[in-house]
Structure formats: C-alpha cells, structure tokens
Amino acid sequence: MQDRSIRLWAMLAAVMLALMVPTFSCTRPRVVFSFSTLSGSSQAIDRANVEFARALAAAREAEAAGADEDQLLVLIEKLNLAVWMIDRAESLLLQGDTAAAAAQADRSIEVSKGVVLEAVRLRDEASLRTYYGKVFAFGMVPVASLLVTVGTHYGWKWWRRREIDRTMRMEIKGVREPMEET
Amino acid sequence: MPKLSEAGKRAVTIFISAMVIFSTLAYVSVTPRPREQFFQIYVLGETGKAERYYPNNNPNIPSGKAVKWYLGTTNFMGSVQYVVIKVKLGNSTIKAPDDINYTPSPAPVLLQFKRVLMNNETWEFPFIWTIQKIDAHDNVISPTMLEINGVAVRNSQVRASKGYNFRVVFELWTFDPESVGFVFGWRTGAERRVAWLQIWFNATSPGTR
C-alpha cells in the first residue's frame, strides 16, 4: 500500500516537473524575445500581403478606368517587385533571419503603398479622359447629323438642278430612216 | 402648326436617321466589347517547341541529368491578373487535378512561381530541373532531392515502383479578389475554369537502365 502511494507521488512529481520545465523555459527572456520577433516578422509579412492585395485592386481599377498601357506597365513591374520582396521575406523567415524578413516585408509595404498612390492618380486621370471622350463622341452625334442633313439637302438641290438643266438642254433630233432601196 | 414643305420633311427624316446611326456608332466606339476570358498555359521542350521534352528523347531521367523545358502562361482575362504556377511531383497513383470538380492534385508542391500579368501578356521562363539524389529500396525508387532553376527541393512523399511513371504537374492558380486568396484555375462571371499540364518521366539510378 505504502509502495503504491510512493509510486503515485513519484509519478505526480514527474508530471509536475514535466509541466514546469517548458513553463520555465518559456518565461526566459531570450525565448520570449525570439518568439515575439518571429511573430513580429510574420505580422509584417501578413501586412505586406494585405497591402499588396490593395495595390493590385488599385491597379485593376486604374486599368478598368482606361489607364495608359505604358504607365500601367510601370505599376505592374512595381507589383512584381513587391511579390518578389514578400517571397524573399518568407524565405528569410523560414531561415530564421527574422530581422531581415521584417525589413524586407516593410520595403514591400512601401512599394505597395506607392503603387496605390500612383494607381489612384492614373485612375482619376483615365476616368476624366474617358469621360471627356464619351462627351466628345456623343456631342459629335448632332453635329455630324446636321452636316449630313445640310450636305444631303444641298446635294439633292444640286442634283435636281443638274437634272433639270440636262432636261432643258435636250434637243429633239430626227432619226433619219435608212433609205429604202428601190 | 405650320406644315413642313417637302424639302423640310426630307431634311427632318435625314437628320433623325443620321442621329440614330451616329449614336449607335458612338455607343459602339465607347463601349468595350465583351470577350471570352481565359488563360493559356504551356510547356515546351528544350528547343522552345513542342518536342524534345527529354534529353536525347529518352524519358528515363538519371540523377544529375538536367532537363530543360520552357514554361509559359498568357493572360487573356481582359484585366491585370496575379498568377501562381504550382509545380507538383506525382506518380501514377496520386490523383491528377480534377477538371470537373475544379480540385487540384493532392501531390506535394515542389516549387511555385508567382507573377502579376497584364492583359494579353505572356510570361515564359526556362524551367530547368535535375534529380540530385535518388533513393532505392526494394525496387521502390524515390527522387529525394531535386534542383529546380537552381533551388534545391526535397521530396519525401512521392515514390514509384522501379522508378516508373513519375510526373511533373503544373497547375495554374489565380488570385481571387473576393476570397483574397489563390484559387485553382480562375473565375469568369459565374463560371469556373482550370488549366493544368503534366509530363511523365521515369527516374533511374545511374546504371539501372
């Protein structure tokens, strides 16, 4: 009986010890610092991804508004740079270089924010240009119709006069019958 | 109301007809035409053509032998797209991607290539891979270490009897703004489409075949 209680106490002590070791090691400052750094760089990468998604959406809006292709190409190159930076940050994080990973992610965020600003400017310019283009296209409709009407009217009159003149200039010419052979 | 002369009536008719014709022309010119939205994905051999996919046209790839392909995709979606090409290693038993249910292959991803593409842009790049290390146990062969475009990639899951019928699967994934994540294939309106490719090969230890 006493043997069993000693064994039970020993098991309990072992469990307690097993629970205390990780708890103690977690409270050590070095480990806590390392965990927070890892979490910090991971958050930076998450922020970089969110910012990238915003930049992509902004570029799409600019494109839909009719932005110039060459200007859009510059934005796409910047977006690809941001993609590369995020990938690099992720691989640095996997290698354990948390500081470099966070720095890379921050640079990606800067690039993405720059893309958003540029895309908004392009979208506004393109929207205005598209609006003026539509106004011009539909504004030209009555002008072109009027020109066609006036042109047709005077064209018709000229043609009528020409036809009347042609009729007036007509002469009656006798058709000489071939002489009958006698 | 004064009655229009014959010439007046004719002018009004012409004017209204011209208005209708020119308005239609203006609408057509300012409205973008709806086009079919799709992606194209392709793999070419070492010559940049649909030929010579294996060194010396031999699908038995020994370790250390570099295989060169050209991988490409073209965006015909009518807008900027963010795409990922996932490269997976499979064998004859691992499922291929499902075109009907739009599910990707469960084969492990070796590497992925990401890029933002403009409309009508083609992205083509060389895909050079080498089997660096082959493990063979009881006729079961597994390429445990590969190198793809200079990047070392480990494979611990895929093996095949005698090294026959491995396949490299290329899947096209696109960024979906609604779910803010990548989806296999792409969405066009209410429809969903997928695109993928695979190339079979046999992995051989030096001197096996």
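Remember, predicted model here, so these are calculated numbers, not experimental data. Once a new chain begins, its residue numbering starts again from 1 and follows that chain's sequence as written. Chain labels run from A onward and ligand labels from 1 onward, assigned in the order the entries are written. Reporting of local features is limited, given that this is a predicted model, to residues whose pLDDT is at least 70; pairs of side-chain atoms are given and counted only at 80 or more, and all residues count toward the totals for whole chains, interfaces and linings.

Chemist: Help me understand the interface of chain B and chain A, please; the structure alone is not making it clear to me.
Modeler: Opposite the 21 residues of chain B that make contact, chain A presents 27 residues. In this description a helix means any DSSP run of H or I spanning at least four residues, a strand means any run of E spanning at least two, and both kinds are numbered starting from the N terminus. Looking at the side of chain B that touches chain A, the elements that each hand over two or more residues are α1 (6-30) and β5 (109-117) of chain B. Gly is placed with the polar residues, together with every amino acid not listed as nonpolar (Ala, Val, Leu, Ile, Met, Phe, Trp, Tyr, Cys and Pro) or charged (Asp, Glu, Lys and Arg). Of the residues contributing to the side of chain B that touches chain A, the split by class is 16 nonpolar, 3 polar and 2 charged. Residue pairs are scored as contacts if the distance between their C-beta atoms, which are placed from the backbone, is within 7 Å.

Chemist: Where do I start with the nonpolar core in this structure?
Modeler: When a protein is soluble and globular, its nonpolar side chains tend to lie buried together. Working definition: the nonpolar core is a set of buried Ala, Val, Leu, Ile, Met, Phe, Trp, Tyr and Cys residues, joined through C-beta atoms within 7 Å. Around each residue's C-beta, the other C-beta atoms within 10 Å are counted; 20 or more make the residue buried, 12 or fewer make it exposed, and counts in between make it partly exposed. All C-beta atoms are placed from the backbone. Membership of the largest hydrophobic core comes to 62 residues, with the highest contact counts inside it found for A55(A), A59(A), L79(A), I86(A), A89(A) and A105(A). Top element by residues in this core is helix α3 (residues 69-95) of chain A. It accounts for 11 residues.

Chemist: Is there a simple way to explain the environment of A126(A) in this structure?
Modeler: Residue and element names in this part refer to chain A. The topology assignment puts A126 in helix α4 (residues 98-168). On a C-alpha basis, the gap between A126 and G40 in space is 39 Å, while along the polypeptide they are 86 residues apart. In this view, A126 contacts A62, A65, G66 and A67; residues no more than four positions away in its chain are not counted.

Chemist: Teacher, can you tell me more about the environment of V74(A) here?
Modeler: All names here are of chain A. You can see V74 is positioned in helix α3. According to the C-beta neighbour criterion, V74 is partly exposed, with 13 such atoms within 10 Å. Between the alpha carbons of V74 and L146 there is a distance of 44 Å; along the sequence they are 72 residues apart.

Chemist: Can you help me understand the domain arrangement of chain B in this one?
Modeler: In many analyses, interface size is given as the accessible surface area lost on bringing the parts together. Domain parsing of chain B yields domain 1 (1-31) and domain 2 (38-204). Here the C-alpha centroids of domain 1 of chain B and domain 2 of chain B sit 60 Å apart. In this document the domain limits rely on a domain assignment from an automatic tool or a database.

Chemist: Please explain the packing of α3(A) against α4(A) as it appears in this structure.
Modeler: Angle between the axes and distance between the axes: these two values describe a pair of packed helices. All names here are of chain A. In this analysis an axis means a line fitted to C-alpha atoms, helices contributing only their contacting stretch, and an angle means the value between N-to-C directions, from 0 to 180 degrees. Where α3 meets α4, the closest approach of the two axes is 8 Å, and the angle between their N-to-C directions is 165°. What the angle tells us is that α3 and α4 run roughly antiparallel. Once α3 is placed against α4, the crossing between them reads as left-handed. Taken together, the residues of the contact of α3 with α4 break down into 16 nonpolar, 6 polar and 4 charged. When describing relative orientation, an angle under 35 degrees is termed roughly parallel and one over 145 degrees roughly antiparallel, while 65 to 115 degrees is termed roughly perpendicular and anything else oblique. Should the near helix be turned anticlockwise from the far one by less than a right angle, the crossing is termed left-handed; should it be turned clockwise, right-handed.

Chemist: Help me understand α3(A), please; the structure alone is not making it clear to me.
Modeler: Two residues of an α-helix separated by three or four positions point the same way, owing to the 3.6 residues in each turn. Residues and elements named next belong to chain A. For a helix, the expected span equals 1.5 Å multiplied by the number of residues minus one. Its 27 residues place the ends of α3 39 Å apart at the C-alpha level, agreeing with the 39 Å of an ideal helix rising 1.5 Å per residue. Those residues of α3 that fall on the buried side of the exposure criterion are L72, L75, I76, L79, A82, V83, M85, I86, A89, L92 and L93. Positive backbone phi, approximately 95°, marks G96, located one or two places after α3.

Chemist: Looking at this model, I keep getting lost on unusual backbone geometry. Mind explaining?
Modeler: Most peptide bonds are trans, and most residues other than glycine sit at a negative phi. Residues and elements named next belong to chain B. Phi is positive for D138, which is not a glycine, with a value near 50°. With respect to the helices and strands, the residue D138 is situated in the loop between β6 (122-137) and β7 (140-148). Given 6 C-beta atoms within 10 Å, D138 falls into the exposed group. Positive phi, normally seen in glycine, also occurs at N165, with a value near 60°. Inspection of the secondary structure assignment puts N165 in the loop between β9 (160-161) and β10 (166-176). N165 sits in the partly exposed class, given 16 other C-beta atoms within 10 Å.

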